Amino acid sequence: QVQLVESGGGLVQPGGSLRLSCAASGSILSIRTMGWYRQAPGKEREWVATITSGSATNYADSVKGRFTISRDGAKNSVSLQMNGLKPEDTAVYYCNADLFSSMSWKNYWGQGTQVTVSS
């Protein structure tokens with residue numbers, strides 16, 4: 001059974017940094033795109049950043065220049081380095097992956113990790 005497990009969330013002051021990590025485990029043959037989404041209280045889930053198997057990256061305008069996504073193909077993991085955090089970055093952050101398991105490509109979500117930016 002495939003699982004995505006996030007870690008690294010927490011409370012940080014405005015202007016601070018956090019690094020989120022997500023590890024995929026289970027019977028995985030290949031991973032295409034991995035990414036991060038977030039959902040703030042009372043709002044819909046929104047896309048933050050993605051990285052392809054070829055390491056091409058894309059970012060939402062709201063985080064461009066502050067967040068950096070990276071992946072370790074050997075470890076089936078993806079990270080999100082978040083610098084210059086703002087209160088509006090407060091949300092539950094979810095890891096997402098398109099991966100090949102059990103003879104098909106499927107999309108998976110992690111359980112989420114809370115990031116709170118507050119003084």
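Attention here is on the structure that accompanies the text. (Residues numbered from 1 in each chain as written. Predicted model: local features only at pLDDT ≥ 70, side-chain atom pairs only at ≥ 80, totals over all residues. Heavy atoms only, no water.)

### Comments concerning the packing of aromatic side chains
Inference 1: Counted according to the given criterion, the structure contains three aromatic pairs.
Inference 2: Centre to centre, the rings of Tyr 37 and Trp 109 are 4.9 Å apart; their planes meet at 65 degrees, and the pair counts as edge-to-face. Linking Tyr 37 in strand E4 (residues 30–39) with Trp 109 in strand E10 (residues 104–109), this pair joins segments that are 72 residues apart in sequence.
Inference 3: Measuring from ring centre to ring centre gives 5.4 Å for Phe 100 and Trp 105, while their planes differ by 70 degrees; the resulting arrangement is edge-to-face.
Inference 4: Among the aromatic residues, those joined into a cluster by ring pairs are Tyr 37, Tyr 94 and Trp 109.
Inference 5: The ring of Tyr 94 carries the charged tip of Arg 45 above its face, separated from the ring centre by 3.7 Å.
Inference 6: A cation sits over an aromatic face here: Arg 45 above Trp 109, 4.6 Å from the ring centre. (Phe/Tyr/Trp six-rings, centres within 6.5 Å; stacked < 30°, edge-to-face > 60°. Helix = DSSP H or I, 4+ residues; strand = E, 2+ residues; numbered from the N terminus. Lys NZ or Arg CZ within 6 Å of the ring centre and 35° of its normal.)

### With respect to the nonpolar core
A general trend in soluble globular proteins is that nonpolar side chains are found buried together.
Inference 1: Formed by 32 residues in total, the largest nonpolar core has its most connected members in Trp 36, Leu 80, Met 82 and Tyr 93.
Inference 2: Those elements giving two or more residues to this core turn out to be strand E3 (18–25), E4, strand E5 (46–51), strand E7 (67–72), strand E8 (77–82), strand E9 (91–101) and strand E11 (113–117).
Inference 3: Here the element with the most residues in this core is E9; it accounts for five residues.
Inference 4: For Met 82, the residues in contact, after removing those within four places along its chain, are Gly 16, Ser 17, Leu 18, Leu 20, Arg 66, Phe 67, Tyr 93 and Val 115. (Core = buried A, V, L, I, M, F, W, Y, C linked by side-chain atoms within 4.5 Å. Buried < 20%, exposed > 50% of the residue type's maximum accessible area, 1.4 Å probe, protein only. Contact = heavy atoms within 4.5 Å.)

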